[in-house]
Each structure stands twice: as structure tokens, then as C-alpha cells.
Amino acid sequence: MDKYFDLTKSPSSSQEEGLRAYMLKIYNYMSAGLVLTGLMAWFSAHSPTFLNAMYQTEGSQIVGMKPLAWVIMIAPVALAMLLSFGINRMSLRTAQASFWGYAAIMGLSLSSIFLTYTSTSIATVFFITAATFGGMSVYGYITKRDLTAFRSFLMMGLFGVIIASVVNIFLQSPALLFTLSVMGVLVFTGLTAYDTQKLKNIYLQASVDRNWIEKITIIGALNLYLDFINLFMSLLNLTDRRR
């Protein structure tokens with residue numbers, strides 16, 4: 001999948017039509033996943049039973065996490081790895097179920113943002129994220145520049161953010177959180193453009209069969225979904241509109 005289509009060569013009319021349908025399906029999956037995540041986050045944040053099972057609270061403030069919270073935090077990672085590395089052995093229906101399960105569990109893990117941030121800040125940051133994501137995805141789709149040159153930089157930045165985020169779970173350093181948020185905005189903005197171009201180029205490879213394309217729409221939706229969610233969380237962490 002690292003072999004790229006010649007970016008200076010325009011797709012044929014039949015390829016262009018198929019490409020639009022393919023990308024639209026990816027964006028539809030991603031958008032539906034975001035809606036499911038948002039609904040699960042909102043409803044779980046307004047469920048006293050769920051919150052009591054997940055968090056230790058003082059008043060309306062979260063002061064600690066219970067074992068269930070750790071399970072729900074780790075579960076999306078396990079599902080993402082299952083999809084990424086097991087997609088070849090999965091049926092299309094299993095891949096779809098895994099994606100919807102991922103989006104639902106991610107919603108449960110994000111329930112805390114409704115307790116931490118104001119509704120206004122969440123809505124504002126969501127629209128900023130949508131505008132940023134949309135602009136970078138369009139750029140990745142239309143640019144003739146080969147973005148694979150930035151792959152190594154983006155991957156190093158991604159792993160750095162992941163490792164430092166794990167460390168900061170225990171340190172709880174505001175300064176490190178701010179630095180990670182800035183890095184996250186840069187990394188996931190870049191990944192949005194890179195992943196969009198990569199998905200476009202995968203389709204334009206003549207050797208890719210139809211069955212694989214159907215599965216790639218799921219993986220592609222997951223990649224763009226993760227870019228959006230992580231960009232959103234990075235921008236949200238940069239706001240000071242906490243409850």
C-alpha cells in the first residue's frame with residue numbers, strides 16, 4: 001500500500017467517478033461514527049449510574065477513575081489494533097461491527113469531557129475542528145505534492161505524543177499537557193492531509209480488488225475518525241473554558 005499513484009497524472013473519468021463514490025463512503029462511515037460517539041458520550045455523561053461506575057467524584061468534579069474506566073480506555077486501542085492487523089481475515093460485516101463498536105466505546109471513554117468543559121467550549125471546538133479537518137482533507141485530496149515525504153516526521157510525532165500522554169496520566173502536569181496539545185494539533189492536522197491522500201492513492205492502484213476496497217473504506221474511515229477525534233481533543237485541551 002506504499003506504492004503511490006503518479007500525482008501528476010489525472011485519473012480517467014471512470015476512475016474519478018469511482019473515486020468520488022469511494023471517498024464519500026469513507027466520509028459517511030466516519031461521520032456516522034462521530035455521531036455515534038457523540039451520542040454515547042452525551043448520554044453516558046448524563047447517567048449517574050454510569051458515572052458512579054466509572055469515576056470517583058467530589059461534587060461534579062472527577063477526582064479519580066475506577067477499574068471500569070481503565071477498561072473502557074484500553075478497549076478502543078484493542079479494537080483499533082484488531083481492525084488494523086486483522087482486516088485481511090475479517091468478513092466485511094465483522095469489520096463494520098468492529099468499527100461501530102469502536103465508535104460506541106470511544107463515546108463512553110469521552111463522557112468526561114461533558115463534566116470537565118462547558119457545552120459552549122465543546123461546541124465551539126467541534127466546529128473549529130470540523131473546519132480544520134475539512135480544509136486539510138480537501139488539501140490532501142487535491143494537492144499534487146507527494147505527502148509521503150512527511151510520513152516519518154508525522155509518525156515520530158504521533159509516537160511521541162502517545163508515549164508522553166501515557167506518562168502524563170501519572171504526572172498530571174499542566175505544562176506537559178499544553179505542550180502535548182500543541183504537538184497534537186500539528187501532528188493530527190498533518191495526518192488528516194496525509195491519510196486523505198493515501199486513501200485516494202490506494203483506490204487509484206489498479207491492482208487493488210473490489211473486496212479489498214470495501215474493507216479499505218472501513219480502515220480509511222477509522223483513520224480519519226481518529227485524526228478528527230485526536231485533533232478535537234488537542235484543541236479542547238488548549239481551551240480554558242473548564243467548569
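Check the entry above for the structure.
First, a word on what this report is: a plain description of the structure on this page. This one's a predicted model, so the numbers in the text were calculated from it and none came from an experiment.

What follows covers the overall build of the chain. Looking only at helices and strands, the chain features 9 helices and 2 strands. The order of helices and strands in the chain, counted from the N terminus, is α-α-β-β-α-α-α-α-α-α-α. Evaluated residue by residue, the chain yields a buried proportion of 44% over its 243 residues. Within the chain, counting contacts between residues at least 6 apart in sequence, those at least 24 apart form 81% of the total.

Let us now look at a nonpolar patch on the surface. A cluster of nonpolar residues, Met-65, Trp-70, Met-73, Ile-74, Phe-159, Ile-162, Ile-163, Val-166, Val-167, Ile-169, Phe-170 and Leu-171, forms a patch on the protein surface that exposes about 1,100 Å² of accessible area. Those elements that provide at least two residues to the nonpolar patch are helix H3 (67-86) and helix H7 (151-171). Tracing the chain through its elements places Val-167 in helix H7. Residue classification places Val-167 among the partly exposed positions, given a relative accessible area of 39%.

Bringing the side chain of Asp-195 into the picture now. Within the secondary structure, Asp-195 sits in helix H8 (residues 174-203). Among buried charged residues, Asp-195 stands out as having no salt bridge; its nearest opposite-charge side chain is Lys-198, 6.0 Å away. Apart from the residues lying within four places of it in its own chain, the contact partners of Asp-195 are Asn-223, Leu-224 and Asp-227.

This brings us to the nonpolar core. Ranked by internal contacts, the top residues of the largest apolar core, which has 54 residues, are Tyr-22, Leu-83, Ile-113, Tyr-225 and Leu-236. Every residue in contact with Leu-83, bar those within four places of it in the chain, is listed here: Met-90, Ala-95, Ser-98, Phe-99, Ile-218, Ile-219 and Leu-222. Membership of the second largest hydrophobic core comes to 8 residues, among which are Phe-50, Leu-51, Tyr-55 and Leu-108.

For H7, built from 21 residues, the straight-helix expectation of 30 Å at 1.5 Å per residue is met to within 8% by its first-to-last C-alpha distance of 30 Å. Of all the residues in H7, the buried ones are Leu-154, Gly-157, Leu-158, Val-161, Ala-164 and Asn-168. Viewed along the axis of H7, the buried residues span an arc of 145°, placing them on a single side of the element. Across H7 from its buried face, at more than 90 degrees, point the exposed residues Ser-152, Met-156, Phe-159, Ile-163 and Phe-170. Tucked inside the fold, the buried residues of H7 contact H8. Gln-172 occupies a position one or two residues after H7 and carries a positive phi of about 55°.

Let's shift gears to the pattern of salt bridges. Within this structure, the stated rule accounts for 2 salt bridges. Ionic pairing is found between Arg-20 and Glu-16, a salt bridge with its closest N-O pair at 4.0 Å. One end of the pair, Arg-20, and the other, Glu-16, are both in helix H1 (residues 13-45), 4 residues apart, so they sit about a helical turn from each other. Ionic pairing is found between Lys-25 and Glu-214, a salt bridge with its closest N-O pair at 3.3 Å.

Okay, the environment of Leu-158 next. With respect to the secondary-structure elements, Leu-158 resides in helix H7. Residue classification places Leu-158 among the buried residues on the basis of a relative accessible area of 18%. Sequence separation of Leu-158 and Leu-186 is 28 residues, and the distance between their C-alpha atoms is 9.9 Å. With near-sequence residues (within four places) excluded, Leu-158 lies in contact with Val-187, Phe-188 and Leu-191.

The rules behind these values
Residues numbered from 1 in each chain as written. Predicted model: local features only at pLDDT ≥ 70, side-chain atom pairs only at ≥ 80, totals over all residues. Heavy atoms only, no water. Helix = DSSP H or I, 4+ residues; strand = E, 2+ residues; numbered from the N terminus. Buried < 20%, exposed > 50% of the residue type's maximum accessible area, 1.4 Å probe, protein only. Contact = heavy atoms within 4.5 Å. Patch = residues over 30% accessible without salt bridge, like charges linked within 9 Å, V, L, I, M, F, W, Y side chains within 5 Å. Areas by Shrake-Rupley, 256 points an atom, 1.4 Å probe, with all protein chains shown as cover. Salt bridge = Lys/Arg side-chain N within 4 Å of Asp/Glu carboxyl O. Lys, Arg positive; Asp, Glu negative; His and termini not counted. Core = buried A, V, L, I, M, F, W, Y, C linked by side-chain atoms within 4.5 Å. Expected span 1.5 Å × (residues − 1). Arc of directions from axis to C-beta.

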